[in-house]
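# Report on the structure
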Amino acid sequence: MNESTGGQAHRRWRVAALQMVSTPRVADNLHSAARLIDEAVAQGAQLVALPEYFAIMGMNDTDKVSLQEDAGGGPIQDFLAAAAARHGIWLIGGSLPLRTDDPGKVFNSCLVYRPDGQRAARYDKIHLFGFRQGNENYDESATIKAGTRAVAVDTSLGRVGLSICYDLRFPELYRALGVTDLLVIPAAFTETTGRAHWEILLRARAIENQCYVLAVAQGGRHENGRETHGNSMLVDPWGDILARQAKGPGVVIGDLEEARLAEVRASLPALRHRVM
């Protein structure tokens, strides 16, 4: 971490997760996202993150394919770049559909924008969700092409590791990122899997990587009938939950403290004790 909002000995940075209940209509979702960004900035947020599928939660899985954008331009990307520049914040655009070489599939991509509106990083979701239980059936691989590269980005708030939703279940991905100060995890966890595992996995990732975790979720009943778990939260490096929102749209906000990171890593130097 290399930027301060206070004295040098007590550096801290404010971050926000914007929980949404996205609809099949991109324009409506971008309007909701803009309102939540305004709220977060009004509370002092310097880094703001949106959930997975923030711009489109379609009636069918193929809806996002028809709304795919070329990397570098399109209504959703233009919205993110403009919002970051207007507010002078780091903005993490949960996920949006970007074009692949397969006309029937998209990348599910998380884009990071600098405070000047320039794109700083892109992460394509690596692990694709598959689940079957009773009437619930999900197969992301039918419409999504998997990414292949782990991505972390150096920001003025520290080193930020990226992942999306189902990636949360694969701890080796986070080890591949190296030492990070913050993991940002946009998601649209189902209510079934989220109720069972979401909080446990988030706290585990924070504890084992000795960093903050900002989990930013879809949270409610969507027009397509799907229910997402919500529970967006900020978790500290000891695994303590600092802020949370159970359901519905809203802003989860809290501070990253450099001293807290240093304290945890000094008292229990697990990152230095690694042998594999």
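### Concerning the overall build of the protein chain
If you tally the helices and strands in the protein chain, you get seven helices and 14 strands. Radius of gyration (C-alpha) of the protein chain: 17 Å, near the 19 Å computed for a compact globule of 276 residues. In terms of its C-alpha atoms, the protein chain occupies a principal-axis envelope of roughly 50 × 40 × 35 Å. Sorting the 276 residues of the protein chain into buried and exposed places 55% on the buried side. For the protein chain, the proportion of contacts with a sequence separation of at least 24, taken over those separated by at least 6, is 65%. Of the roughly 11400 Å² of accessible surface on the protein chain, a fraction of 50% belongs to carbon and sulfur atoms. Across the protein chain, the 30 positively charged side chains and the 32 negatively charged ones have centroids separated by 3 Å.

### As for unusual backbone geometry
In the Ramachandran plot, Tyr 53 falls in the positive-phi region, its phi being about 55° despite a non-glycine side chain. Following the sequence through the fold, Tyr 53 ends up in the loop between strand 2 (47-49) and helix 2 (63-66). Exposure remark for Tyr 53: the relative accessible area of 8% places this residue in the buried category. Positioned with a positive phi, Cys 165 is a non-glycine residue whose angle comes to about 45°. Considering the arrangement of structural elements, one finds Cys 165 in the loop between strand 9 (158-162) and helix 4 (171-176).

### Description of the layout of surface pockets
Approximately 360 Å³ is the volume attributed to the largest pocket. Along the wall of the largest pocket there are 16 residues; nearest its centre are Asn 60, Asp 61, Tyr 138, Asn 224 and Arg 226. Its residues assigned to classes, the lining of the largest pocket shows six nonpolar, five polar and five charged.

### Focus on the side chain of Glu 140
For Glu 140, the position within the fold is in the loop between strand 7 (136-139) and strand 8 (152-155). Separated by 2.9 Å, the side chains of Glu 140 and Lys 125 make a polar contact. Reaching out from Glu 140, the side chain makes a polar contact with the backbone nitrogen of Phe 129 at a distance of 2.8 Å. Those residues in contact with Glu 140 that sit more than four places away from it in its chain are Glu 52, Tyr 53, Lys 125, His 127, Leu 128 and Phe 129.

How each quantity is defined
- Residues numbered from 1 in each chain as written.
- Predicted model: local features only at pLDDT ≥ 70, side-chain atom pairs only at ≥ 80, totals over all residues.
- Heavy atoms only, no water.
- Helix = DSSP H or I, 4+ residues; strand = E, 2+ residues; numbered from the N terminus.
- Rg over C-alpha atoms; globule rule 2.2 N^0.38 Å.
- Buried < 20%, exposed > 50% of the residue type's maximum accessible area, 1.4 Å probe, protein only.
- Contact = heavy atoms within 4.5 Å.
- Areas by Shrake-Rupley, 256 points an atom, 1.4 Å probe, with all protein chains shown as cover.
- Lys, Arg positive; Asp, Glu negative; His and termini not counted.
- Charge placed at Lys NZ, Arg CZ, Asp CG, Glu CD.
- 1 Å grid on protein atoms, 1.4 Å probe; cavity = no way out; pocket = protein on both sides within 12 Å on 5 of 7 lines; lining within 4 Å.
- Points joined across faces, edges and corners; volume = space filled by probe spheres on them.
- Nonpolar A, V, L, I, M, F, W, Y, C, P; charged D, E, K, R; others polar.
- Polar contact = N/O pair within 3.5 Å; in protein donor to acceptor, adjacent residues only side chain to side chain.

Purely geometric stuff here, so don't read any function into it on its own.
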